[in-house]
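Each chain, letter by letter, is given below.
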Amino acid sequence: MLALRLVPPAVLFVASCGGAGPEPASEPEAPLFRDATTEFGLPPAPDHWPDGTYNTPEAMQGGVGLFDYDGDGRLDIFHARIPVPGDPVPAIENRLWHQTEAGTFEDVTEAAGLTSRGFGQGLCIGDIDNDGDLDLYLANFGPDRLFRNEGDGTFRDITKEAGISGNRWSTAASFFDSDADGDLDLYVVHYLRYDREKRCTDPSSRPEYCGPRSFHGWADILYRNNGDGTFTNATAEAGIVLPEKGSRARGLGIIATDLTGDGIQDVFVANDAEANQLWVGQGDGTFVDEGILRGVAVNSAGIPEASMGVVAGDIDGDGTLDLFMTHLWEENNRLYLGSKSGLFRDRSAAASLTMHDLGRTGFGCAMFDYDNDGDLDLAVANGAIRRRPPLPGAPEGFWGEYAEPNQFFEGDGTGRFRELDASAGAFVRDVRTSRGLAVGDLDGDGDLDMVVSHVDNSLTIYRNELPPGAHWVSVRAIEHGRDALGAQLFLTAGGRTQLQAVIPAASYLSSNDPVVHFGLGSAASIEEIEVRWADGTRELFRGGEDWGVDRTLVLVRGEGEVQ
C-alpha cells in the first residue's frame, strides 16, 4: 500500500528544476544569501534606535517564528519584540506577518488578535489541542501568554483558563509530548531573577550590561497537557528539580527530542554561564539530568560556558543527533557529536570551528542544508552583549560597539566545516547586533531562507539564491492530527541515509518551520523514509513511482509499515 500523501496543488510549491544537474559548486559565483527584506514587504531597520540604558533585558532581543498559521501553504512570520530602551512603559505589541498570494508580507497582528502588550522574548509553536492548526506560546520578561489558534485566521488568549501562570523572565520554550500520551506538553525555560536597580561596569569603570552571574537564576517549568485545553504544573512530579530552587540554572536555549537513542523524549537546556542540563526521559513521564554523565554540560576542559542558542542535527552522517550551541566572544561555540551509545564528545576543534568564532558573540543558530547537497551547514547570528571596539562596517553610535557580522560554515558531511566569507553574501557582510534566527523556505523555491531579528526590533530576510540543479524534498510528519514534534526521519535516497528531526523550537528563542527539508544532490528518487515517532514507535514508508522529488510530502502515522 502506498503510504504517502502529496500536498494539494493549492498549497504546494514545486521548484522549477530540470533533470539531475551537477552538484552545487563549493564556491558559488554569486552571493548565496541576499537581503530581500523590503522585497518581501517587511519594513527596513529604523534610521535611529535609542541608546541603551544598560537594562539587560533591552539587549536580549526576542526571537522569530516561521509557521503557516492559517493553513494556506505559505510560511508566515511571528516576531517577539522588546520595548524601546528607556520607555517608561516597558511593554510593546509583537508582530504577525502574513504571507499573501503575491509572496509579500502584511501586518495582521490586530486582525489575528495578537495585540497583547508585553516584553517579548521567546516563542514556541505547536498544536496543543490536536485540531490541525498551530497554536502559539509567547515567553516574556514578565507574564507569559498562550494563544489558541481558532482556525479562522485569529488567535485567542487562553493563558489564564489554560492554567499558565507566573511572572518570571521566560526565554525559550518548547512543545513536546513528555509522557507519550498523544498531547503536546510544554517546557518553559527561565533566565534571571533580574533586579532593575542593579548597575554594573566594565573593566574601565564605564556602565555596562550586567552579566548572568550578577543574578540568581529561575527554575524551569514543565506543564502537562490535560487533554481538555488546560495544563498542570508537573515540574516536581516529573523530577525536573535543581538545587537551590534553580538559582544556578539560567537558561536561554532548548531542544526537545530523543537525544539518547532509546526512543524516549529528552530535553536539553542551554544555560548561560552555568552547566547545561540534559533531562533524559525515563519512559514514565519523569526525567533525570544526565548532562554531566553524557558529556554536554560543560566543555572539554570541564568549564561551563555562556550558552545562548542551540540546534540539533546529524552533521557527520552517523545516524545520531549532534548538538551545536553558541557562546560569548572569548569563548568558542561548541559542537558535541552524538553517538549510538547516547554519549557526546566535544569536537569543536576537530570540526575546524574554533579558529573562527573566538572573537564573536553567537546567539541564533541554524543547522540546515543550504545547497541541497545532502550535508548540513551552520549559520550563526552574532551580536555582542559587552562593549567592544567598533568593527569595520558597524553603525555609528551606541550600538556600533555591540555590532558584529554573522558567520556561515559549509559542512562536508563528515563533521568538518569551512567558513564562507564573501560568497555567503549579505548574511555575513551585514554588521548588526543580531539575536534570533529561524529558517524555512519562504518563497517555495526548494531552498531554505533565513530570518534574523536584531536588537532594534527589526527583521532581515536573507533569501537563498541557490541556482537550480540539486534535488530536494520537504517532509511533513503527522500524528494525532498534528505535526509530529520530536519525531525523527531517516530518509534513504541514492543509497545514502540522512537524519532530520522535527524540532521547531531551537536556535535562540526562535522556532523554525516544522516541515523538515532534505537536500538530495543528484538523487532523483526516494527509496524509503523511516519515521521514529515521539513515543518510540518506528514506521517505514516505502518509495515508489509516485514519490517524486522537488516537492513536499506528507507522511501520516498509521499509513506505513510498523516496524
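Everything discussed here concerns the structure shown above.
A quick note: this is a predicted structure, and the numbers were derived from the prediction, not measured.

**With respect to the pairing of strand S23 (residues 310-313)**
Look at any regular strand and the pattern is simple: side chains alternate between the two faces of the sheet.
Now for step 1: Of the two faces of S23, the one carrying Val 310 and Ala 312 and the one carrying Val 311 and Gly 313 are both buried.
Now for step 2: Relative to strand S24 (residues 322-325), S23 is paired through four bridges, and the arrangement is antiparallel. Paired with Gly 313 across the two strands is Asp 322, which belongs to S24.

**Remarks on the sheet that holds strand S14 (residues 185-190)**
Now for step 1: Spatial ordering of the open sheet is given by S13-S14-S17-S18, a layout of four strands whose pairing is antiparallel. Across the chains shown, the open sheet's two edge strands, defined by having one partner strand only, are strand S13 (170-176) and strand S18 (231-233). When the angles between neighbouring strand axes are averaged without regard to direction, this sheet yields 20°.
Now for step 2: Across three bridges, strand S17 (residues 221-225) lies against S18 in antiparallel orientation. Bridge assignment links Arg 224 to a residue of S18, and that residue is Thr 232.

**Quick word on the state of the cysteines**
Now for step 1: Counted under the stated rule, the structure contains one disulfide.
Now for step 2: Cys 124 carries a free sulfur, and the closest cysteine sulfur to it, the one in Cys 365, is 17 Å from it.

**A short note on the pattern of salt bridges**
Now for step 1: This model, assessed by the stated rule, comprises 33 salt bridges.
Now for step 2: In this structure, Asp 375 engages Arg 496 in a salt bridge whose closest nitrogen and oxygen atoms are separated by 2.6 Å. Of the two residues, Asp 375 sits in the loop between strand S27 (362-368) and strand S28 (377-382) while Arg 496 sits in strand S39 (residues 496-501), which places them 121 residues apart along the sequence.
Now for step 3: What makes Asp 375 buried here is its relative accessible area of 12%.

**Let's talk about the sheet that holds strand S22 (residues 287-289)**
Now for step 1: In space, the four strands of this open sheet follow the order S19-S20-S21-S22, with antiparallel pairing throughout. Taken across any chain shown, the strands that pair with only one partner, and hence form the sheet edges, are strand S19 (251-257) and S22. On average, each strand axis in the sheet is tilted by 20° relative to the strand beside it, whichever way the strands run.

**As for the side chain of Asp 183**
Now for step 1: Here Asp 183 is to be found in the loop between S13 and S14.
Now for step 2: It is Arg 482 that comes nearest to the buried, bridge-free Asp 183 among opposite-charge side chains, at 6.2 Å.
Now for step 3: Residue contacts for Asp 183: discarding those within four places in its chain leaves Asn 130, Phe 176, Asp 177, Asn 225, Gly 227 and Arg 482.

**Overview of the environment of Phe 518**
Now for step 1: Its location among the elements puts Phe 518 in strand S42 (residues 516-521).
Now for step 2: According to the relative accessible area criterion, Phe 518 is buried, its value standing at 0%.
Now for step 3: Counting along the chain gives 365 residues from Phe 518 to Gly 153, while the straight-line C-alpha distance between them is 30 Å.
Now for step 4: For Phe 518, the contacting residues outside a window of four places in its chain are Trp 472, Val 473, Val 475, Leu 489, Leu 491, Gln 498, Leu 499 and Gln 500.

Parameters at a glance
- Residues numbered from 1 in each chain as written.
- Predicted model: local features only at pLDDT ≥ 70, side-chain atom pairs only at ≥ 80, totals over all residues.
- Heavy atoms only, no water.
- Buried < 20%, exposed > 50% of the residue type's maximum accessible area, 1.4 Å probe, protein only.
- Helix = DSSP H or I, 4+ residues; strand = E, 2+ residues; numbered from the N terminus.
- Pairing = 2+ DSSP bridges.
- Axes fitted to C-alpha atoms, helices over the stretch in contact; angles between N-to-C directions.
- Disulfide = S-S within 2.5 Å.
- Salt bridge = Lys/Arg side-chain N within 4 Å of Asp/Glu carboxyl O.
- Lys, Arg positive; Asp, Glu negative; His and termini not counted.
- Contact = heavy atoms within 4.5 Å.

Note that every value here comes from positions in space, so none of it alone points to a role or purpose.
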